[in-house]
Amino acid sequence: MADVYTMGLDVGSTASKCVILKNGTKIAGSAVIAAGTGTSGPKRARSEALAAAKITMNEIQKVTATGYGRNTVEGADAVVSELSCHAIGIHAIFPEVRTLIDLGGQDAKAIRVTENGRLDGFVMNDKCAAGTGRFLDVMARVLELDVSELAAKSAMAESVVNISSTCTVFAESEVISQLSNNVDICDLVAGIHRSVAVRTANLVRRLGIKEPVAISGGVALNSGVVKALEEELGLEIRVSPLAQLNGAYGAAVHAFGQRDRSDKGTVPLSGKRTGKEEIQ
Ligand code: ADP
């Protein structure tokens, strides 16, 4: 039987992610581009993933689009909400997980996952930047750091600076004022992570905690946030090994479920199979 390639394209608000699966399980290629909907990001993510898989678009049997900009994807065979794709994705990685926390660029979600990998409720913050990747992006810029450097800084903290403002704009002013008071930058980053953790923990509690709990989304790459969230919730959080790719992975798994299931020596719609066709 010929290999079946399926593609999941997750067009986020901040980043575009693409996963190509071979036969529904093996990742043949993937890409993350730090540019989301309305940019060249989705096309670039698709091209990079195809190049990594060393195949062309003609070899992709089904495409499922997801994410904030999912309706803008041309040529998708299915369009599925990111909540469902995240549930499918995490179930394929950690089937026992019942609560998924997805921390993305502009929103935060707590998702209930059933034992069959279906979405069974969610709570979402997409109204306020606090507690999302955007909050961390803004703080990193003020500290002249890249978001990927934040975790190492908080790991060296000796105490945690209290950030009292919940609003991103006011919290930014607060961080600037702490910097001018020569507060240790590591302690400041630890405070920023705790602020995200407190907001996220409140979101998860609104859904209701059902263990095991996992985390996905670009912010899951920040081990400082994950650690602060574990402390805040008082439980262990599994980090998806595909963290930022979880939605795209779930979309590619969904696409595999939509594949043409007739075997390649297909029975013509009219007429009977010949012996030769059956061997093919
Ligand atoms: P969306 O799907 O909403 O576009 P993502 O789930 O892709 O968002 O997450 C984007 C966010 O992930 C960024 O805003 C950034 O804060 C965070 N991020 C991306 N890469 C890293 C990294 N290497 N380390 C820490 N945080 C990261």
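Preceding this section is the structure that the text describes.
Now for a description of the structure that goes with this document. These numbers come from a predicted model, not from an experiment. (Residues numbered from 1 in each chain as written. Predicted model: local features only at pLDDT ≥ 70, side-chain atom pairs only at ≥ 80, totals over all residues. Heavy atoms only, no water.)

**Digging into the layout of surface pockets**
What the largest pocket holds in volume is close to 830 Å³. Lining the largest pocket are 39 residues, and of these Thr 14, Leu 103, Gly 104, Gly 105 and Gly 218 sit closest to its centre. Looking at the lining of the largest pocket, the elements that each hand over two or more residues are strand E3 (26-33), helix H2 (82-93), strand E6 (99-103) and helix H3 (133-142). The greatest single-element share of the lining of the largest pocket, amounting to four residues, is contributed by H3. For the lining of the largest pocket, the class distribution of residues is 15 nonpolar, 14 polar and 10 charged. (1 Å grid on protein atoms, 1.4 Å probe; cavity = no way out; pocket = protein on both sides within 12 Å on 5 of 7 lines; lining within 4 Å. Points joined across faces, edges and corners; volume = space filled by probe spheres on them. Helix = DSSP H or I, 4+ residues; strand = E, 2+ residues; numbered from the N terminus. Nonpolar A, V, L, I, M, F, W, Y, C, P; charged D, E, K, R; others polar.)

**Observations concerning the site of the ligand**
The environment of the ligand is formed by 18 residues, the closest being Thr 14, Lys 17, Gly 105, Asp 137 and Gln 244. With respect to the ligand, the side chain of Asp 137 contributes an N or O atom lying 2.7 Å from an oxygen atom. Expressed as a share of its isolated accessible area of 580 Å², the protein-covered part of the ligand is 84%. Taken atom by atom, the bulk of the ligand overlaps the largest pocket. (Near = heavy atom within 4 Å. Polar contact = N/O pair within 3.5 Å; in protein donor to acceptor, adjacent residues only side chain to side chain. Areas by Shrake-Rupley, 256 points an atom, 1.4 Å probe, with all protein chains shown as cover. Sits in = over half its atoms within 2 Å of the grid points.)

**What about the pattern of salt bridges?**
Pairing between side chains of opposite charge can happen when their charged atoms approach one another. This structure, assessed with the given rule, holds eight salt bridges. Where Asp 102 meets Lys 109, a salt bridge forms, and the shortest distance between an N and an O atom there is 3.1 Å. Of the two residues, Asp 102 and Lys 109, both sit in the buried class. A salt bridge links Arg 141 to Glu 172; the shortest N-O distance between them is 3.4 Å. Linking Arg 141 in helix H3 with Glu 172 in helix H5 (residues 168-180), this pair joins segments that are 31 residues apart in sequence. One connected set of salt bridges, linked through shared partners, spans Asp 102, Asp 107 and Lys 109. (Salt bridge = Lys/Arg side-chain N within 4 Å of Asp/Glu carboxyl O. Buried < 20%, exposed > 50% of the residue type's maximum accessible area, 1.4 Å probe, protein only.)

**Considerations on the packing of helix H6 (residues 185-207) against helix H7 (residues 223-233)**
Following both chains from N to C, one finds H6 and H7 inclined at 50°, their axes separated by 8 Å at the closest point. Comparing the axis directions of H6 and H7 gives the class oblique. Helix-helix and strand crossings are classified by hand; for H6 and H7 the assignment is right-handed. Within the contact between the two elements, H6 uses His 193, Arg 194, Val 196, Ala 197, Val 198, Thr 200, Ala 201, Val 204 and Arg 205 and H7 uses Gly 224, Val 225, Ala 228, Leu 229, Glu 232 and Leu 233. Residues that form the contact of H6 with H7 fall into these classes: nine nonpolar, three polar and three charged. (Axes fitted to C-alpha atoms, helices over the stretch in contact; angles between N-to-C directions. Parallel < 35°, antiparallel > 145°, perpendicular 65-115°, else oblique. Left-handed = near helix turned anticlockwise from the far one by under 90°. Contact = heavy atoms within 4.5 Å.)

**Some remarks on the packing of aromatic side chains**
Scanning the model with the defined rule gives zero aromatic pairs in all. Seen from the ring of Phe 94, Arg 238 lies directly overhead, with NZ or CZ sitting 5.8 Å from the centre. (Phe/Tyr/Trp six-rings, centres within 6.5 Å; stacked < 30°, edge-to-face > 60°. Lys NZ or Arg CZ within 6 Å of the ring centre and 35° of its normal.)

**Re the pairing of strand E4 (residues 60-66)**
Summarising burial for E4: five of the seven residues are buried, a large majority. Pairing of strand E1 (residues 5-11) with E4, which is carried by six bridges, proceeds in the parallel orientation. Paired with Met 7 across the bridge in E4 is Val 63. Pairing between E4 and strand E5 (residues 78-79): two bridges, direction parallel. (Pairing = 2+ DSSP bridges.)

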